[in-house]
Every structure is written in structure tokens, then in C-alpha cells.
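The residues making up each chain are set out below.
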Amino acid sequence: MVAGIFSAEVTPTMGPLSIRQFYTEPPSLPGNVGVSLSGGGSRALTAAMGQLRALKKLTANGQSLLAQMKALSSVSGGAWLGVPFIYLPPGSPSDDAYLGPWIDNQSTLSPAMLEQLPAGNAGVPISSPLFSPRLLAVQALLLYSVLRIAPNMLWQTIIGLNILADHGLYAPTTHLTPTDTFSFDAATVAGQITNPNSALACAPINIYADACDSSREHRPFLICNSAMFLKDPGSTLQSLAPMQTTPFITGIFGTPLGQDANGRNVGGGGLDTFGFHSACASVSGSTAAVAQTRQWSLTDAVGTSSAFFAEVLQNLFHRWHQNPAELAVLMAREADPIRHWIRTKLPIDVRGAAIDHLRLHANPLLAQGPLLRSLLSDLQDIIPRYQYWSVLDPRPGMPSLPNRFADGGNLENTGVAALLAYSDIDTVVAFVNSSVPMQPAAYGVADGQGGFLPGTALVIDDSLPPLFGYQPYGAGRPGENEGYVPYGHGPSDRHSVYANNQLFDQAAFPRLLQGLWAASGNGSYANPAIFTQRLAVLPNLWFGVTSAREVTVIWSYLGFVTSWAALFANNQSVQAIIEAERSNNGFPNYSTLDTNLSATQINLLANLTSWCVGEAKGAKVFSQLFN
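Residues numbered from 1 in each chain as written. Predicted model: local features only at pLDDT ≥ 70, side-chain atom pairs only at ≥ 80, totals over all residues. Heavy atoms only, no water.

**Student:** Please set out the packing of helix H5 (residues 133–147) against helix H11 (residues 324–333) residue by residue, giving values where relevant.
**Tutor:** In the contact formed by H5 and H11, the axes pass within 11 Å of each other and the chain directions differ by 100°. With respect to H11, the element H5 is oriented roughly perpendicular. Together, Arg-134, Leu-135, Val-138, Leu-141 and Leu-142 of H5 and Glu-326, Leu-327, Leu-330 and Met-331 of H11 make up the contact between the two elements. Looking at the contact of H5 with H11 residue by residue, the classes come out as seven nonpolar, no polar and two charged. (Axes fitted to C-alpha atoms, helices over the stretch in contact; angles between N-to-C directions. Helix = DSSP H or I, 4+ residues; strand = E, 2+ residues; numbered from the N terminus. Parallel < 35°, antiparallel > 145°, perpendicular 65-115°, else oblique. Contact = heavy atoms within 4.5 Å. Nonpolar A, V, L, I, M, F, W, Y, C, P; charged D, E, K, R; others polar.)

Right under this line is the structure:
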């Protein structure tokens, strides 16, 4: 962490943007394929772990499919998996340990095998009981109580401590402020960061896993998606601007309507990634002088991408402010694991104070006092905030207020839009790891004659219809739409935050519904819901999609698959676990709020999703993309 004035390059994104423009020697990758990992907390992390595991197992052209991916777009829980995978440092566990072992014959799985996660596996952090929302909120309370970490940095700090630190990607001060930044490779570090800024020569800088360890497979271009709150001039309404963090530049690449916290227009380009979270001191040509207290870090990128959970914690703080006795009961009941977290995660010089605060807040009489209520009131400001200035409207030297940032999934949860901002992505593999199982519904897409098009009366995740200009499914309750209605039509525009997400023609949406349903077995759920579409891309200035073109999209929608379950027909112990998980916990579509999954749940879900990608039919669908 270095404070000062630094030199950073500005990259406009108003014209066609490409991935190849960022590489001195662009890698030659067949198919120009990008993969997107949707949001969804620990469910999304786990499902994506199995999907990448399968892509690593499958081969074409003598290499794994994963090694031939051109880009990886991640959102929220998908970023919990994708970002560490890109940046695994030297000496960390192998890719196979991180993604988990491929199992050729899953019917041989046993309960004992399901209860084990390899050391260094991506699922280990979320298997801790301390990764539940309530105990994450307790962690935030203790961090604020003893270290006075700014409330708007608490969620990111929790991600650093619980996700990134386990993989050697969190380098904080004794007060847990990130000191690190990140880039692509040593040459990029020198060209972008250290040569123009000698003060950063000794800063910890993470680079790509394959750039510092030649034994690792090629890593794709990384996109970590988040969003920034905008004000609509002349009204009290707020909208969200999509923000991309990449190894090279970070910013708002589109030109969304609305203004930032300082009344400035936003978007139009990015800044060298280390220089994000800065004030603009001056601009000369394509070079800016930026004032920073510290550099943009992986902790910031992954924390803002998953900031939905900061809202979850905010709601818990409000609830405990109203009823502090509930918090006291929780802290008394969970005192042992909380003490373990204190002893293993916090700096040694504050552990005693943290344990004292644990005792204080766990006392139902003392918890009623003004100290706890004051702390909980302060914690309402947990939503991330950062300095931002626009390439379109930099206003050098002007004082500015920090802007509030949101989860990337609050705006566009699939990660598909970010991939399509790059004109050299021709194929998208979209893993939609939703909590919403695809199932029959009362309404569908209107046929114009008072009914609905065949095969469209289905409920699917809210993130998909807006990509085609439709509002999410309406159940027909008073004031709601019936089925899928285009934006600007019908009695309800309740999902206005998604109104600018259209990337594809509306006529293609019924085919998506019909195709996913047919692929899954038309209600039998016998097969994975994997469907291929050839789609015309519509320009979308909100997301920086400037080129109209055609792309191929492989949609893979998370759901239960009976042919996978049939593998365990002669394995009654595992079959019983699957049936119990399905009936009691909604397996595989676990709730996004179920952030703490057991090792058994993680292994079941990752094995299901790896099988869906790797089984014979699916393997052909994915492998042929690289011919």
C-alpha cells in the first residue's frame, strides 16, 4: 500500500473493444470462446468449480478446453472461484486440488469421500461454519469494534480474510488494509506500474498463475463484474452502471445514463487497474496523474463483485439494533468457533480485545447498552464506497465524494454482457448457476392470440429474460405481469434495474425457453439443460457492446438431472444423501443465502455439474467449439 500521485494510462472504450489489444503477443486460441460464471454465492462457486473441472478434463487440439478459453467473466460467487483460479500464486496447491478431482466413475462415491475436500480446494473456505451470513456479520462487528475498519471496507475485508487469504492472495497491513495490487505478467507490471511509478517497485503485485509458474495451464483474460450506483438527474431514482475489473484496465466501459455521486457523467473507458480508486489530479493525452491512498486490489474487486452480501449483513445489523438480545444469544452459542476465528484470522495484538468484545456482546444484559447499538448503527454504512472519476468527464483537481458500489449480479448476473463488450469473442459458454429450478408455470410468452407460445410456460432465473428485452417472469398476482412481458409493456415494470440489459432479439427468447426445456427432457429432467443458440448481438451502449454481430451461445442451466442420480441406483448410501438434500435443501439449486455449505453438499454439487459438462453428449457440445 503506497500513497501518492501516480502515473496511469487511460484507455477509451467508445469504439470496438477487443481482448487482443491488451496483449503484446496475443495468445492463439481457436474458437474465440469466452466462459461466464454467474453469481449466486457459494452455490455459484461450487457449481462453477465442477464446470471448470470438466472443461479442464475435456480436450481438443491436444489441450484442455479450459486452457483454450479466451476470456472468463465472473460475477459475485462466480468471482469467488474464478479470480483466485486466475491468480493462484507459486507454491499454492495444484489446479486439480483447487478445482477438485475428476471422478470417472461417480457411482463409486461413498459418504466418507463426500465428506472430504482436498487441501487448497476452492470449496474449503465456504465449508466453514463461520461462513454463514450471521457469523460473517459477527466478524464484521468484531473487525469494526477492535480495528475500526471503515464500515464501507468491512465486506471486502471479510472476503480477503475468508476467501483470498486461503489462496495466498491477501496481503494486508496489521489493520487488515490491502497492500497489494494485481496485473497480468512481469512485463505488464513493468510497463504499466513500476517503470512509470518507481514508488511502487516494492509493492506486492499478483500476476497470472501461468505467468509465474510455467507448469500451470494457460489462464484466460479475466473479467470481474461489479456495478456502481448512479443518480438519475431530476429524480430520486437510482440505477446501476456495469463496471469491469480486468488485469489491464478497470472502469465503466459503456456510457450508461445517469450521474455519479459528484454529478458527473460516467463511463467511456478504463484506467490502468492499479490506479482505480483514485482522484484525477491531471490528464495529458492518454496519461493521467492520479492521487491514491492505496492501489486497487483483488480484495476490492472480489468484494465489490459480491456486495449483495454486504446488504444481507446490513439487514442483520438493523435487526440486531432492534433486538440486541438475539445477537447476544448467537454470540454465546457460537463462542467457540468465533474464538477460533479470532485466533486464526486476526492480528495477534488485537486478539485479546476481540475476545473481550465477544464476551461483552454475548452478555444479554450488557448487550442492551448504548455501545452495541452505536456500533450497529455505524455498520449500516457497510455498502462499499470508492473514489471514481470518468474518462468522459474527469474534472481534474476537483474534490469528489466516494461512490457506492454494488454486486455485479444486482445488474447483470450472468456475466454474458461483459463478454460481448469484446468484439473478438465469437462464442460464449454461459453457466447459469441459479437458485431457481426451471419448472412449469401458469404463463409464458404471449402468442398474440390470448394464449402463450408452446414450451414457454416456464419459470427461469430473473437474469435471462432481460438479455432478450423481456421482464422477469410475472406470476399474475395483482399488479404483476402474466408470464414474460417485454419492457415497456404490461402493468408492471418492477424490475427496472434490468431494463437496459437487452443484448439479443426478443424473437430468440421463446426459442431459449423451448430449447432448455427440451434439452432437459421436457419435464423429465433426464438430461442436463444445455442448449446452443446462434444469436444476433444488438449494440448496447449501457454495457459497452458497440458491435452488431452474430455469436454462438451455449446456455448451461443448473438443475437436477435424473440420469446423473441414476448412477447411484446401486449405491444406497449416496442415493439417500442426494434424496435428502433434494427434499430438505433444494439440491442442486441451493439458496444464495446458504453461504455455508458442507463438504458433502459441495462435493455433490460439483460432481453433478462436472458430469453435466463431461458426459458424452455435453462433451461433444463443448469440444466442437474449438475445432
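**Student:** Kindly report on the packing of aromatic side chains, identifying the contributing residues and their values.
**Tutor:** Within the structure shown, the criterion is met by 35 aromatic pairs. Where Phe-184 meets Tyr-208, the ring centres are 5.0 Å apart and the plane angle is 75°; that geometry is what we call edge-to-face. Separated by 24 residues along the polypeptide, Phe-184 in the loop between strand S6 (181–182) and helix H7 (186–194) and Tyr-208 in the loop between strand S7 (205–206) and helix H8 (209–212) bring together distant segments of the chain. For Phe-184, a relative accessible area of 15% corresponds to the buried category. Grouped by ring-pair contacts, the aromatic residues Phe-22, Tyr-23, Tyr-87, Phe-182, Phe-184, Tyr-208, Phe-221, Phe-248 and Tyr-422 constitute a single cluster. A cation sits over an aromatic face here: Arg-148 above Tyr-144, 4.6 Å from the ring centre. (Phe/Tyr/Trp six-rings, centres within 6.5 Å; stacked < 30°, edge-to-face > 60°. Buried < 20%, exposed > 50% of the residue type's maximum accessible area, 1.4 Å probe, protein only. Lys NZ or Arg CZ within 6 Å of the ring centre and 35° of its normal.)

**Student:** Give a detailed account of the environment of Leu-99, specifying residues and quantitative values.
**Tutor:** Structurally, Leu-99 can be placed in helix H3 (residues 95–99). Taking the C-alpha atoms as reference, Leu-99 lies 17 Å from Asp-213; in sequence the two are 114 residues apart. Not counting the four nearest positions on each side in its chain, Leu-99 is found in contact with Met-49, Leu-52, Arg-53, Lys-56, Leu-66, Leu-81, Phe-85 and Asn-121.

**Student:** I'd like a rundown of the pairing of strand S1 (residues 4–12), residues and numbers included.
**Tutor:** Relative to strand S13 (residues 287–292), S1 runs antiparallel, the two being bridged by six bridges. The partner of Gly-4 across the bridge, within S13, is Gln-292. Relative to strand S11 (residues 269–272), S1 runs antiparallel, the two being bridged by three bridges. From the neighbouring strand, Pro-12 faces S11, where its bridge partner is Gly-269. (Pairing = 2+ DSSP bridges.)

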